[in-house]
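Structural characterization, general
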Amino acid sequence: MAAGAPVEEYPQEIDEQLTTFDSSANAVKAMLEKLMSLSRNDLVQKLDPLDQAKLDLMSVYTLNSLFWMYLVTQGINPREHGIKQELERIRTYMNRVKEITDKKKAARLDKGAASRFLRNALYEPEDKEFKKAASKKQGKKKII
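Let me sum up the structure you'll find in this document. (Residues numbered from 1 in each chain as written. Predicted model: local features only at pLDDT ≥ 70, side-chain atom pairs only at ≥ 80, totals over all residues. Heavy atoms only, no water.)

**Thoughts on the overall build of the chain**
Looking only at helices and strands, the chain has six helices and zero strands in total. Element order for the chain, N to C, with α for helix and β for strand: α-α-α-α-α-α. Accessible surface, the chain: about 13100 Å² in total, of which carbon and sulfur atoms supply 58%. (Helix = DSSP H or I, 4+ residues; strand = E, 2+ residues; numbered from the N terminus. Areas by Shrake-Rupley, 256 points an atom, 1.4 Å probe, with all protein chains shown as cover.)

Right under this line is the structure:
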């Protein structure tokens, strides 16, 4: 602060909240500066299409969230503004990307391995006496 500048006083109860907000705002500023310092083409070339979509959605959601906060600071209710619908639309796309990611991570069923596993798990060795008795019965039926 400049020397001799009037200092606005505020309630001490919100001092911790303001300090936390200030550090969070500085962290967001640092991240945005880092992101903006990179060329978009350089960044996109290193990513696959799914990661590109995630980056784009994250960027759009961040900008819209910052605009939401701006509206609040100006005394405008963002719930009555078009930004609410835009954020909901972005969340819908984020959920779609999450579903695609989850499908890629989901375990795939190897039908051959599953059938071998079941066949071996259900296998019971035949009793020799039972086998002999069954063959004698079949032999008698054939004779008759």
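The discussion continues.
**A few points about the layout of surface pockets**
Taken as a whole, the largest pocket holds about 620 Å³ of empty space. Around the largest pocket, the lining is made up of 23 residues, and of these Val28, Leu32, Thr62, Leu63 and Leu66 lie nearest the centre. The element that contributes the greatest number of residues to the lining of the largest pocket is helix 3 (residues 49–73), accounting for 11 residues. (1 Å grid on protein atoms, 1.4 Å probe; cavity = no way out; pocket = protein on both sides within 12 Å on 5 of 7 lines; lining within 4 Å. Points joined across faces, edges and corners; volume = space filled by probe spheres on them.)

**Re helix 4 (residues 83–105)**
For an α-helix, 3.6 residues make a turn, and residues three or four places apart therefore share a direction. With 23 residues, helix 4 should reach 33 Å at 1.5 Å per residue; the first-to-last C-alpha distance of 33 Å fits that figure. Of all the positions in helix 4, only Ile83, Leu87, Ile90, Val97 and Thr101 are classed as buried. Structurally, helix 4 contributes buried residues whose contacts are with helix 3. (Expected span 1.5 Å × (residues − 1). Buried < 20%, exposed > 50% of the residue type's maximum accessible area, 1.4 Å probe, protein only. Contact = heavy atoms within 4.5 Å.)

**Some remarks on the side chain of asparagine 64**
Following the sequence through the fold, asparagine 64 ends up in helix 3. Within the structure, the side chain of asparagine 64 is placed 2.8 Å from the backbone oxygen of valine 60, a separation counted as a polar contact. Among all residues touching asparagine 64, those that are not within four sequence positions of it are Ile83, Glu86, Leu87 and Ile90. (Polar contact = N/O pair within 3.5 Å; in protein donor to acceptor, adjacent residues only side chain to side chain.)

**Description of helix 5 (residues 111–122)**
If you check helix 5, its first and last C-alpha atoms are 16 Å apart, about what 12 residues at 1.5 Å a residue would give, namely 16 Å. Across the 12 residues of helix 5, zero count as buried, placing the element largely on the outside.

**Comments concerning the packing of helix 3 against helix 4**
At a minimum axis distance of 10 Å, the contact between helix 3 and helix 4 shows a crossing angle of 155°. Accordingly, the angle class assigned to the pair helix 3 and helix 4 is roughly antiparallel. Crossing geometry of helix 3 relative to helix 4 is assigned as left-handed. Taking contact as the criterion, the partners of Leu50, Ala53, Lys54, Leu57, Val60, Tyr61, Asn64, Ser65, Phe67, Trp68 and Leu71 in helix 3 are, on helix 4, Ile83, Lys84, Glu86, Leu87, Ile90, Arg91, Tyr93, Met94, Val97, Ile100, Thr101 and Lys104. Residue composition of the contact of helix 3 with helix 4, grouped by class: 15 nonpolar, three polar and five charged. (Axes fitted to C-alpha atoms, helices over the stretch in contact; angles between N-to-C directions. Parallel < 35°, antiparallel > 145°, perpendicular 65-115°, else oblique. Left-handed = near helix turned anticlockwise from the far one by under 90°. Nonpolar A, V, L, I, M, F, W, Y, C, P; charged D, E, K, R; others polar.)

**What to know about the pattern of salt bridges**
Where charged atoms of side chains with opposite charge meet at close range, the side chains can pair. Scanning all chains against the criterion turns up three salt bridges. Here glutamate 86 and arginine 89 are joined by a salt bridge, their closest N and O atoms 2.6 Å apart. Within this pair, glutamate 86 and its partner arginine 89 are both found in helix 4, separated by three residues, close to a single helical turn. On the basis of relative accessibility, which here comes to 25%, the residue glutamate 86 falls in the partly exposed class. Exposure remark for arginine 89: the relative accessible area of 40% places this residue in the partly exposed category. Between lysine 98 and aspartate 102 there is a salt bridge whose closest N-O contact spans 3.3 Å. On the criterion of helical spacing, the pair formed by lysine 98 and aspartate 102 is a turn pair, its members being four residues apart in helix 4. (Salt bridge = Lys/Arg side-chain N within 4 Å of Asp/Glu carboxyl O.)

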